[in-house]
Amino acid sequence: MRRPILFALLLAVRSNALVRFHCSQLVTERLDPLVTPGMVPSPHVHQIVGGNSFNATMHPEKDMPGESTCTSCQFTEDFSNYWTAVMFFRAQNGSYKRVHQLGNNQFTTANGGLTIYYMQDAIYDRAQKSKVTAFQPGFRMFVGNVNARTLEEAARFRYLTYTCLDTFVTRAPETIAFPKRHCKEGIMTTLRFPTCWDGKNLDSPDHMAHMSYPETGTFESNGPCPASHPVRTAQVMYEVVWDTKPFNGLPWPEDGSNPFVWSFGDATGYANHADYVFGWKGDALQRVLDSPCHFSTNCSEYGFKLQSIANMNKCVQLPVVDEDIDGWLPALPGGYQSQYGPTAL
Ligand SMILES: *[C@@H]1O[C@H](CO)[C@@H](O)[C@H](O)[C@H]1NC(C)=O
Ligand SMILES: *[C@@H]1O[C@H](CO)[C@@H](O)[C@H](O)[C@H]1NC(C)=O
Ligand SMILES: *[C@@H]1O[C@H](CO)[C@@H](O)[C@H](O)[C@H]1NC(C)=O
């Protein structure tokens, strides 16, 4: 029974892209043009990558790519902004210290940031044959629940995960709570956005309702999109490598809990979340998706310009919010304290 399947796999021809590329850190600060536009500072700290037109307010009707003069991403036509919350370590004396990010596997010289994937099908499906639609100018989305503190509340977001890196390339198992043990090489967070669009709205009040996971539950199962969200988009996935190594030698909580906490106080890990503001130039993303380029290794052969990691590292913004986020802090920036229960602030 195995043989015909293997034979089919060998014959399968990759028809579309599965791109994987890195973006270095653009800036780390309290701004959030998606959830709290115009608010300076925003409630909690984020780490942001992408085009340098990132700002407290980003009008969807404005031409973002046109305003950026550089991008911290490898694809030079990608001026999108990608961001997540920031991880902190809580010492036994109650002080906090920011956990920095590392360049991912194959991008180790990158200055922090995160790795982006755009896929047509599940990552293990080598053929990548589904046809997917790129996002449009002004499109943005969010995934996760900042208030989730229980497994039940996080169940809807089981594609936002943690991997305890015993080696730099450990990729399993994935958990939806913070790892409860020392992770030798760090902690990876993997964030997968929904892949079905309503075809009409570039955004929605909760920044999620215009998107849906497929009807059968997961993108991985290649299920059809629900009638309410009929347009199949690319799977956008982030991988973020958090350098928890410097904290493995410090004392951890005596009650066996983990000492890591998100920048808004969540110490459970259930409130993992991610933000996306589309900003590819013209139809560049659709052209990438329709090409057979693979990871970022041979995309230049299809006419896409990729910049060196050294150049990506040069595209940075000075924070507009002037505050210490890197010292030993008595509270998380914004005044949050680590908590396992409902949000205090
Ligand atoms: C951010 O917005 C402010 C206020 O509109 C503006 O002065 C500033 O130049 C903008 N920064 C960037 C990097 O676009
Ligand atoms: C708290 O603990 C950390 C880690 O041991 C230490 O570096 C820091 O100086 C301490 N802060 C205070 C206020 O004692
Ligand atoms: C790029 O890599 C993919 C996957 O290995 C392959 O199918 C495609 O033919 C390659 N293209 C070129 C121009 O080498």
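Relevant structure appears above.
Here is a short report on the structure shown in this document. Keep in mind that this is a model prediction, so the values were computed, not measured.

Time to look at the overall build of the chain. Scanning the chain for helices and strands turns up 5 helices and 18 strands. In summary, the chain has a C-alpha radius of gyration of 20 Å against a globular reference of 20 Å for 345 residues, a match within 12%. Along the first, second and third principal axes, the C-alpha set of the chain runs to 60 × 50 × 40 Å. In the chain, once contacts between residues fewer than 6 apart in sequence are set aside, the share between residues at least 24 apart is 74%. Counting only carbon and sulfur atoms, one obtains 57% of the accessible surface of the chain, whose full area is about 14700 Å². Averaged over its 28 positive side-chain charges, the chain has a centre that lies 7 Å from the centre of its 32 negative ones.

This part takes up the sheet that holds strand β13 (residues 196–197). The antiparallel open sheet is built from 3 strands, whose spatial order is β14-β13-β15. In this open sheet, the two edge strands, each paired with only one partner strand, are β14 (211–212) and β15 (231–232). In the sheet, β13 pairs with β14 via 2 bridges, with the strands oriented antiparallel. Across the sheet, residue tryptophan 197 finds its bridge partner in β14, namely methionine 211.

A word on the environment of valine 231. Along the chain, the position of valine 231 falls in strand β15. Judged by relative accessible area, valine 231 falls into the partly exposed class, the value being 22%. When the C-alpha positions of valine 231 and proline 43 are compared, they lie 33 Å apart, and in sequence the two are 188 residues distant. Setting aside chain neighbours within four positions, we find valine 231 in contact with Thr133, Thr195, Cys196, Trp197, Gly199 and Cys225.

Taken together, the neighbourhood of ligand 1 is formed by Asn52, Asn55 and Gln317. Asparagine 55 has a polar side-chain atom sitting 2.3 Å from an oxygen atom of ligand 1. When ligand 1 is considered free in solution it has 360 Å² of accessible area, and contact with the protein chains removes 26% of it.

Quick look at the packing of aromatic side chains now. All chains considered together, the criterion is met by 27 aromatic pairs. Relative to phenylalanine 178, the ring of tyrosine 162 has its centre 4.9 Å away and its plane inclined at 50 degrees; by these criteria the two rings are tilted. Of the two residues, tyrosine 162 is situated in strand β10 (residues 160–164) and phenylalanine 178 in the loop between β11 (174–175) and β12 (187–192); the sequence distance between them amounts to 16 residues. The buried category is assigned to tyrosine 162, whose relative accessible area is 0%. Judged by relative accessible area, phenylalanine 178 falls into the buried class, the value being 2%. These aromatic residues form a ring-pair network of at least three members: Tyr82, Phe135, Phe139, Phe193, Trp197, Tyr238, Tyr276 and Phe278.

Moving on, we come to the sheet that holds strand β17 (residues 260–262). Ordered by their spatial adjacency, 3 strands build an open sheet running β6-β5-β17, and the pairing between neighbours is antiparallel. Each of the sheet's edge strands pairs with one partner strand only, and the pair in question is β6 (96–98) and β17. Strand-to-strand, the axes of this sheet are offset by a mean angle of 35 degrees, without reference to chain direction. Both strand β5 (residues 87–90) and β6 contribute to a ladder of 3 bridges, which runs antiparallel. Of the residues in β6, the one forming a bridge with arginine 90 is tyrosine 96.

What follows covers unusual backbone geometry. Residue proline 41 is bonded to the preceding valine 40 through a cis peptide linkage, with omega at 0 degrees. For proline 41, the position within the fold is in the loop between β2 (27–29) and β3 (46–50). For histidine 207, which is not glycine, the phi dihedral falls at a positive 65 degrees. Of note, phenylalanine 295 is a non-glycine position whose phi angle comes to about 50 degrees, a positive value. Mapped onto the fold, phenylalanine 295 is located in the loop between α4 (284–290) and α5 (309–314). A relative accessible area of 24% means that phenylalanine 295 is categorised as partly exposed.

Reading the values: rules and limits
- Residues numbered from 1 in each chain as written.
- Chains lettered and ligands numbered in written order.
- Predicted model: local features only at pLDDT ≥ 70, side-chain atom pairs only at ≥ 80, totals over all residues.
- Heavy atoms only, no water.
- Helix = DSSP H or I, 4+ residues; strand = E, 2+ residues; numbered from the N terminus.
- Rg over C-alpha atoms; globule rule 2.2 N^0.38 Å.
- Contact = heavy atoms within 4.5 Å.
- Areas by Shrake-Rupley, 256 points an atom, 1.4 Å probe, with all protein chains shown as cover.
- Lys, Arg positive; Asp, Glu negative; His and termini not counted.
- Charge placed at Lys NZ, Arg CZ, Asp CG, Glu CD.
- Pairing = 2+ DSSP bridges.
- Buried < 20%, exposed > 50% of the residue type's maximum accessible area, 1.4 Å probe, protein only.
- Near = heavy atom within 4 Å.
- Polar contact = N/O pair within 3.5 Å; in protein donor to acceptor, adjacent residues only side chain to side chain.
- Phe/Tyr/Trp six-rings, centres within 6.5 Å; stacked < 30°, edge-to-face > 60°.
- Axes fitted to C-alpha atoms, helices over the stretch in contact; angles between N-to-C directions.

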